[in-house]
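Summary of the model geometry
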There are 2 protein chains.
Amino acid sequence: MTPIPFASRMNNVETSAIREIFKVLGRPGIISLAGGFPDSALFDVEGIREAAQLALTKNPGAVLQYGATEGWDALREQLALYMAGKGASVKASQLITTTGSQQALDLIGKTMISPGDKVIVEAPTFLATIQCFRLYGADLIGAPIDADGVKVDELEKLIVAHRPKLIYLIPTFGNPSGAMLSLERRKRVLELAAQHQVLVVEDDPYGELYFNEPPPPSLLALSDSVPGSRDWLAHCGSLSKVMSPGLRVGWLIAHPDLLGKANMCKQFSDAHTSNLSQATAAEYLQMNRMAAALARVRPAYAERAAALCSNLKKVLGDGISFSAPRGGMFVWARLTAPGADAREFAKQAIERGVAFIPGSPFFATAPDHATLRFSFATSDIAKIEEGVARLKS
Amino acid sequence: MTPIPFASRMNNVETSAIREIFKVLGRPGIISLAGGFPDSALFDVEGIREAAQLALTKNPGAVLQYGATEGWDALREQLALYMAGKGASVKASQLITTTGSQQALDLIGKTMISPGDKVIVEAPTFLATIQCFRLYGADLIGAPIDADGVKVDELEKLIVAHRPKLIYLIPTFGNPSGAMLSLERRKRVLELAAQHQVLVVEDDPYGELYFNEPPPPSLLALSDSVPGSRDWLAHCGSLSKVMSPGLRVGWLIAHPDLLGKANMCKQFSDAHTSNLSQATAAEYLQMNRMAAALARVRPAYAERAAALCSNLKKVLGDGISFSAPRGGMFVWARLTAPGADAREFAKQAIERGVAFIPGSPFFATAPDHATLRFSFATSDIAKIEEGVARLKS
């Protein structure tokens, strides 16, 4: 058999470098600080089960039938209310539901990126965004960040130098960075979007997972106060980290022209998102159980984050540097020894029974091999202590 | 505001020509013979509700958590059994689940089609496939068909002349054609795939909806008897027409190399299909209610198809020509008057309170404007009689 003649875009990506690590997570006795999953023990199973039952009782014929590509109307209404609760004025007609926010990213890539187009992402950023945009031929450029998010002066220089098609940011508790873009920088990003007429994509799956105090308002919420910025802002939302990832419910908010094109692409991508998932999510949001569920998740994650940080300091001391996150699911760290390589460290760690993710795959360009990502979301305090203890050489 | 600089691929498609017709279907009193939906009154609501409840009771933590991109294991097992019941030997590991079979088509487009690649489709074919493949830059070529499906001698000439990347067929009760590829032609298609080492994509959402006798085995089922053909065959399956479209559960079977690439693309398209939908479908299939549900659907659709055909003959006589379908949801017809234009006829029909779809948008090239598509799936006999009566000028 001659090889299958795949599309040329398949040369732009390779199987994820971190897949190899995920393969070993199933080994008996391995403590995983590697995953990107929320803790399923904290899911509101009872509430979601009740919501699913309501969805299939009230109007089963419609739930089980084809639906509108733009989404289940009751869910769009609930999501508009949910966004309003977070300070963003959005009408139901100004959003489309997506099959997880991953699909929102895919639709943005499909709608916006021609092969060779420049796209600015944070360095580091979400691995699946790198791969998703590269499949559409994006030429990615990394913008430097610190614990307060993307450095806006550097960002402006990159915008001027590269005239990118879009800028992709996870402003709040980024994956993998854990960083939180400061209020001042948020305003500056919006000004840059308006001034340079360049699309900014705000991916916001983690914003609700704050520990002590809420983060600054989202770029979307702030855009009303920065003239012209709303036209150049797309916002990707998700129920995955606050309700359930298994339902695959996300949403996209954007300028009507962009939203219309994305919706057309969605029609030919999967016709529409599962009505059963959408109607279940709509019923769940209407039950007003989300606040109580989040009130259980936030302190649990905060406690785990604190345990991870204090144990890392205790066990590795000056051998590792990091900023304690103020929310989200990740601690982003850097080995301080000259020439240290987190890929090597990760291999040794697995032999000692603990897994994390080396940081280099999260860089679209110029990887920093000394970096690494820990997740604290799914491990209890005892596991975190034992896992970090195993890092000691 | 300057216009948003969309990707160049967006110039390849336009908003569906048939959307305008769908807009008027909500008008009071309109009888629709236009849709492509199954009849929701025939859904096994009770069985699906029970299945969803089981899914959320047995293992809610896993259902609500992230899942594997390739699909929910229990569903993959059930789908392998389901395919075995239709004569196709498939292991669970040889298929991935997709967010409706529309996503299987999208993944094939993404994986296989570079801009400018030639792709052969039936003339006419499924509108969303035309648009989906064009978004990836396909140069579509229409292959002529009759009531026995694609004309294989013509198909071979087109393969030789154009060296296409792939050939897309709906061999069984095609949309919009209603045609059923004969057994002899099926074997010939498989021989052509093996001989010319060209990928054939079999889209099979309607195969279970036969009226009197089952159709010939699918290309997939037959491929074991045509040496080398299985390597060059991809099969798209769907639960949409036999269980529920609202769940968005389809699947893709293909050579491991293609399946692996498609799965990688799926990872960056929507991470995975709704676990709630997948686990519900798995439970439903395991309950063995599908056969009974299909035993209710088949005679209902057969009766409606017969009523549509006899009334069309009675009302329009020699003014229309068509072949009575042997399954599926559609009657494909042609106005016989010289210069007749079904688009004009459709406008007049809507004024008289009945809607169908003019056929030209279903042609990737060289539209036949005298053609039109009727759906009989969602209208009872009285509605069909009244609807067709309104076609009389």
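The structure contained in this document is the topic of the report that follows. Only a predicted model underlies this, so the values are computations on that prediction, with no experimental measurement involved. (Residues numbered from 1 in each chain as written. Chains lettered and ligands numbered in written order. Predicted model: local features only at pLDDT ≥ 70, side-chain atom pairs only at ≥ 80, totals over all residues. Heavy atoms only, no water.)

1. Focus on the overall build of chain A
Helix and strand counts for chain A stand at 14 helices and 14 strands. Its C-alpha radius of gyration of 21 Å places chain A within 12% of the 21 Å reference for a compact globule of 393 residues. Once the C-alpha set of chain A is aligned to its principal axes, its extents read approximately 60 × 60 × 50 Å. Relative to its full complement of 393 residues, chain A shows a buried share of 64%. Within chain A, contacts between residues at least 6 apart in sequence are counted, and of these 74% link residues at least 24 apart. (Helix = DSSP H or I, 4+ residues; strand = E, 2+ residues; numbered from the N terminus. Rg over C-alpha atoms; globule rule 2.2 N^0.38 Å. Buried < 20%, exposed > 50% of the residue type's maximum accessible area, 1.4 Å probe, protein only. Contact = heavy atoms within 4.5 Å.)

2. Here's the deal with the side chain of glutamate 208 of chain A
Residues and elements named next belong to chain A. On the secondary structure map, glutamate 208 appears in the loop between strand E7 (199-203) and helix H9 (219-223). Of note is the side chain of glutamate 208, whose polar atom sits 2.8 Å from the side chain of tyrosine 82. Apart from residues lying up to four places away in sequence, glutamate 208 is in contact with Tyr82, Lys86, Val242, Leu294 and Arg298. (Polar contact = N/O pair within 3.5 Å; in protein donor to acceptor, adjacent residues only side chain to side chain.)

3. Some points on the sheet that holds strand E14 (residues 371-375) of chain B
What links the strands of a sheet is backbone hydrogen bonding, and the strands pair in either a parallel or an antiparallel sense. Residues and elements named next belong to chain B. Within the open sheet, the 4 strands sit side by side as E10-E11-E14-E13. Their pairing is antiparallel. Either end of the sheet is taken by a strand with one partner, and the two such strands are strand E10 (320-322) and strand E13 (357-358). Lying on the sheet, helix H12 (residues 290-316) is in contact with E10, strand E11 (330-335) and E14; it crosses E10 at an angle near 155 degrees. (Pairing = 2+ DSSP bridges. Axes fitted to C-alpha atoms, helices over the stretch in contact; angles between N-to-C directions.)

4. Details of the relation of the copies chain B and chain A
Note on the copies: chain B fits chain A at an RMSD of 0.0 Å, the axial shift is 0.0 Å, and the rotation between them is 180 degrees. Here the transformation between the copies is reduced to the relation of a two-fold axis. The residues that chain B uses at the interface reappear at the interface of chain A in 100% of cases, marking a shared surface. (Least-squares fit on C-alpha atoms with pLDDT ≥ 70 in both.)

5. A look at the pairing of E7 of chain A
Residues and elements named next belong to chain A. Among the 5 residues in E7, 5 count as buried, and that is most of the element. Of the two faces of E7, both are covered, the one formed by Leu199, Val201 and Asp203 as well as the one formed by Val200 and Glu202. Inspection of the sheet shows strand E6 (residues 166-169) paired to E7 by 4 bridges, in the parallel sense. Bridging from a neighbouring strand, leucine 166 pairs with leucine 199 of E7. Considered for its hand, the β-α-β crossover made up of E6, helix H8 (residues 183-196) and E7 is right-handed. Direction of pairing for E7 relative to strand E8 (residues 233-238): parallel, over a ladder of 4 bridges. Within E8, the residue paired with valine 200 across the bridge is leucine 233. (Right-handed = clockwise from strand over helix to strand, strands pointing away.)

6. A word on the sheet that holds strand E13 (residues 357-358) of chain A
Residue and element names in this part refer to chain A. An order of E10-E11-E14-E13 is seen for the 4 strands of this open sheet, with the pairing classed as antiparallel. Looking at which strands have only one partner, the edges of the open sheet turn out to be strand E10 (320-322) and E13. Judged from the 2 bridges that link them, E13 and strand E14 (residues 371-375) form a sheet pairing that is antiparallel. From the neighbouring strand, isoleucine 357 faces E14, where its bridge partner is arginine 373. Seen against the sheet, helix H12 (residues 290-316) touches E10, strand E11 (330-335) and E14 and runs at an angle of roughly 155 degrees to E10.

7. What to know about the nonpolar core
Of all hydrophobic cores here, the largest spans 294 residues; its most connected members are Phe374 of chain A together with Phe374 of chain B. Sequence-distant contacts of phenylalanine 374 of chain A, that is, excluding residues within four places in its chain, are made with Leu33, Leu308, Leu312, Ile320, Met329, Phe330, Val331, Ala333, Phe356 and Leu391 of chain A. (Core = buried A, V, L, I, M, F, W, Y, C linked by side-chain atoms within 4.5 Å.)

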